[in-house]
Amino acid sequence: MKTVTEAGGNPCPPIVVGVGIGGTMEVAPALAKKALTRKVGEPHPDPQYAELEKELLEKINRLGIGPQGLGGRVTALAVHIETYPTHIATMPVAVNLNCHAARHAEAEL
């Protein structure tokens, strides 16, 4: 929530939010980037994380940042979480924001 609030309109909302949880501090940002490659709105296969994605998306959209930061109900199109095992004492978390313009096409090579 803090990352999205501080970014405001800078990442050209509506955005996709990638969250990486676990591994090491080097792994968590890679997980956050990987999360952005999931099809928009495709829920996490683990119901616990799928529910967290839904909850975060609702809270982010209630911030009122809106498209291009001009205010409105749609600040994010999706929140995607990727996880990796880690020791609870060193739980790294990384957040990556993706502009919606990067998500308009897909191709299979």
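Since this is a predicted model, take the numbers as computed values, not measurements.

1. Some thoughts on the pairing of strand E1 (residues 15–22)
Looking along a regular strand, one sees side chains alternate from face to face of the sheet.
Okay, step 1: Here E1 lies mainly inside the structure; eight of its eight residues are buried.
Okay, step 2: With eight bridges connecting them, E1 and strand E2 (residues 76–84) associate as parallel partners. Directly across from Val17, in E2, lies its bridge partner Val79.
Okay, step 3: The pairing of E1 with strand E3 (residues 93–99) spans seven bridges and is antiparallel.

2. Remarks on the pattern of salt bridges
Okay, step 1: In the structure shown here, the tally under the stated rule is four salt bridges.
Okay, step 2: One salt bridge in this structure joins Arg38 and Glu82, with 3.2 Å as the shortest N-O distance. In this pair, Arg38 sits in the loop between helix H2 (27–35) and helix H3 (47–61) while Glu82 sits in strand E2, placing the two residues 44 residues apart along the sequence.
Okay, step 3: By relative accessible area, which is 8% here, Arg38 ends up buried.
Okay, step 4: For Lys59, the salt bridge is made with Glu55, and the minimal N-O distance between the two is 3.3 Å. Placement of both Lys59 and Glu55 in helix H3 is noted, with a separation of four residues, approximately one turn of the helix.
Okay, step 5: Classification of Glu55 by relative accessible area gives partly exposed; the value is 35%.
Okay, step 6: Put simply, Arg38, Glu53 and Glu82 are held in one network by salt bridges that share partners.

3. Considerations on the nonpolar core
Okay, step 1: In terms of nonpolar packing, the biggest core is built from 10 residues, these being Val4, Ile15, Val17, Val19, Ile21, Ile60, Ile65, Ala76, Val79 and Ile81.
Okay, step 2: Residue assignment for this core shows that the elements contributing at least two residues are E1 and E2.
Okay, step 3: Element by element, the count of residues in this core is highest for E1, at four residues.
Okay, step 4: Once residues lying within four places of it in the same chain are set aside, the contact partners of Val79 are Val17, Val19, Glu53, Leu56, Leu57 and Ile60.

4. Section: the sheet that holds E1
Okay, step 1: Taken together, three strands build an open sheet; the order of strands is E2-E1-E3 and the sheet is mixed. Only two strands of the sheet have a single neighbouring strand rather than two, namely E2 and E3. On average, adjacent strands in this sheet sit at an angle of 15° to one another, irrespective of strand direction.
Okay, step 2: Where H2 meets the sheet, its contacts fall on E1, E2 and E3, and the angle it forms with E1 comes to roughly 145°.
Okay, step 3: Where H3 meets the sheet, it contacts E1 and E2, and its direction lies at approximately 145° from that of E2.

5. Regarding the confidence of the model for the protein
Okay, step 1: Averaged over every residue, the pLDDT of the protein is 92; the share at 70 or more is 94%.
Okay, step 2: Here E3 stands out as the element of the protein with the lowest mean pLDDT, 94, in contrast to H3, whose mean of 98 is the highest.

6. Brief notes about the environment of Ala89
Okay, step 1: Within the fold, Ala89 resides in the loop between E2 and E3.
Okay, step 2: Between the alpha carbons of Ala89 and Gly72 there is a distance of 38 Å; along the sequence they are 17 residues apart.

What counts, and at which threshold
- Residues numbered from 1 in each chain as written.
- Predicted model: local features only at pLDDT ≥ 70, side-chain atom pairs only at ≥ 80, totals over all residues.
- Heavy atoms only, no water.
- Buried < 20%, exposed > 50% of the residue type's maximum accessible area, 1.4 Å probe, protein only.
- Helix = DSSP H or I, 4+ residues; strand = E, 2+ residues; numbered from the N terminus.
- Pairing = 2+ DSSP bridges.
- Salt bridge = Lys/Arg side-chain N within 4 Å of Asp/Glu carboxyl O.
- Core = buried A, V, L, I, M, F, W, Y, C linked by side-chain atoms within 4.5 Å.
- Contact = heavy atoms within 4.5 Å.
- Axes fitted to C-alpha atoms, helices over the stretch in contact; angles between N-to-C directions.
- pLDDT = per-residue confidence, 0-100.

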